[in-house]
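# Structural overview
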Amino acid sequence: MMVPSGVAHLQGQVALVTGAARGQGRAHCRALAAAGADVVALDVCEDGEVPAYPLGRLEELQALTEEIEATDRRCLHVVADVRDHGAIRDAMVQVEAAFGRLDIVVNNAAIVTSAPFWELLPDEWHAVIATNLTGPWHVAREAAPMIRRSPHGRIVNIASTAGRRAVANFSHYVAAKHGVIGLTRAMAIELAPDEVTVNAILPGAVDSPMLAGLARELGLTTDDVLETFMHDQLFEVVLTPGEITSALLWLLSDAARHVTGHCLSVDGGSLAH
Ligand SMILES: NC(=O)c1ccc[n+]([C@@H]2O[C@H](COP(=O)([O-])OP(=O)(O)OC[C@H]3O[C@@H](n4cnc5c(N)ncnc54)[C@H](O)[C@@H]3O)[C@@H](O)[C@H]2O)c1
């Protein structure tokens, strides 16, 4: 009996990652290229009013592109805001022109702020919902024609354990991540006839600039913030971006070709409670 490989062999495929300049998105891009894919690394590369912490930088995105191209894989970097439907439509035109195909979408870009719901400002609410929930829909919507043509079409949405349970002082983030899980399941149903899988990964506390930025906003140390998120993990460890990447690569492997509409928690066991 042939056992399908759990290792992703992505030669000849093209993968797009949002929020690619740093953190988990950067780790995903590197690993996708190492697995043989050409990469579209998309990031906004611009700070806004929300969040107060700085976002990814153009220099980071360019350095990633150079690093991947040095390995003989192609990498197209695109500066675009996932909140902007027109910009995402234009990004897909660029992808189609550069590669003529798109096989994998990783909806990873997101932001976070923190306050009780009665103190959240409307701008904060709208920025988090637009980035974390509407953004993945914009990207999936505009990628759909190419993804549906792909013989290997896969969409992976990076949600959060906050997509499965509530956390105080993050109502906008919790609402957006619950929404991402609903979107994942609805898209899985609609794309199944095209043999496209759509899944979500639910990370626990991951060492990344997002957590460091949030800590600064709250006047806490990164360790304080990690402790807040780690207190109910069965393994009290801070996850590395690479651990999320490993789950992503499995979802892109042949072994997972019939896994769809699924939420894969990589959270040190916090959702076991
Ligand atoms: N870090 C954690 O502990 C943690 C926990 C659970 C889930 N997550 C999720 O993991 C994913 C990656 O987070 P991270 O920790 O690497 O964050 P990060 O802040 O380090 O990286 C996010 C990237 O997204 C980009 N981005 C933000 N807004 C954008 C927009 N409008 N358009 C395009 N790009 C934009 C930023 O510039 C940045 O490069 C997110 O979906 C996040 O919600 C993170």
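How each quantity is defined
- Residues numbered from 1 in each chain as written.
- Predicted model: local features only at pLDDT ≥ 70, side-chain atom pairs only at ≥ 80, totals over all residues.
- Pairing = 2+ DSSP bridges.
- Helix = DSSP H or I, 4+ residues; strand = E, 2+ residues; numbered from the N terminus.
- Axes fitted to C-alpha atoms, helices over the stretch in contact; angles between N-to-C directions.
- Contact = placed C-beta atoms within 7 Å.
- Expected span 1.5 Å × (residues − 1).
- Buried ≥ 20, exposed ≤ 12 C-beta atoms within 10 Å, placed from the backbone.
- Near = placed C-beta within 6 Å.
- Nonpolar A, V, L, I, M, F, W, Y, C, P; charged D, E, K, R; others polar.
- Parallel < 35°, antiparallel > 145°, perpendicular 65-115°, else oblique.
- Left-handed = near helix turned anticlockwise from the far one by under 90°.

## A closer look at the sheet that holds strand S7 (residues 263–266)
Ordered in space as S3-S2-S1-S4-S5-S6-S7, the seven strands form an open sheet in which the pairing is parallel. Edge positions in the sheet fall to strand S3 (75–79) and S7, since each of these pairs with one other strand and no more. The sheet shows a mean angle of 15° between the axes of neighbouring strands, taken without regard to direction. The strands that helix H3 (residues 85–99) touches are strand S1 (14–18), strand S2 (38–43) and S3; relative to S3, the one it contacts most, it runs at about 165°. Sitting on the sheet, helix H4 (residues 122–149) is in contact with S1, strand S4 (104–107) and strand S5 (154–158), with an inclination near 180° to S4.

## Re helix H5 (residues 171–191)
Here H5 contains 21 residues, and its C-alpha end-to-end distance of 30 Å stays within 8% of the 30 Å for a straight helix at 1.5 Å per residue. All buried positions along H5 are accounted for by His172, Tyr173, Val174, Ala176, Lys177, Val180, Leu183, Thr184, Met187 and Leu191. The secondary structure elements touched by the buried residues of H5 are H4, S5 and strand S6 (197–203).

## What to know about the site of the ligand
Taken together, 29 residues lie around the ligand, and Gly19, Gly23, Gly56, Ser208 and Met210 are the ones closest in. Elements represented by at least two residues in the shell around the ligand include exactly helix H1 (23–34), H4 and helix H6 (209–218). Taken together, the residues that form the shell around the ligand break down as 14 nonpolar, 11 polar and four charged.

## Digging into the packing of H1 against helix H8 (residues 241–251)
Interaxial distance between H1 and H8 falls to 9 Å at its minimum, and their mutual angle equals 50°. Between H1 and H8, the angle is such that the two are oblique. Here H1 runs over H8; the crossing is right-handed. Contacts between H1 and H8 involve Gly23, Gln24, Ala27, His28 and Ala31 from the former and Pro241, Gly242, Ile244, Thr245, Leu248 and Leu249 from the latter.

## Side note on the environment of Ile181
Here Ile181 shows up in helix H5. With residues near it in sequence (within four places) discarded, Ile181 still touches Ala159, Gly163, Ala200 and Cys263.

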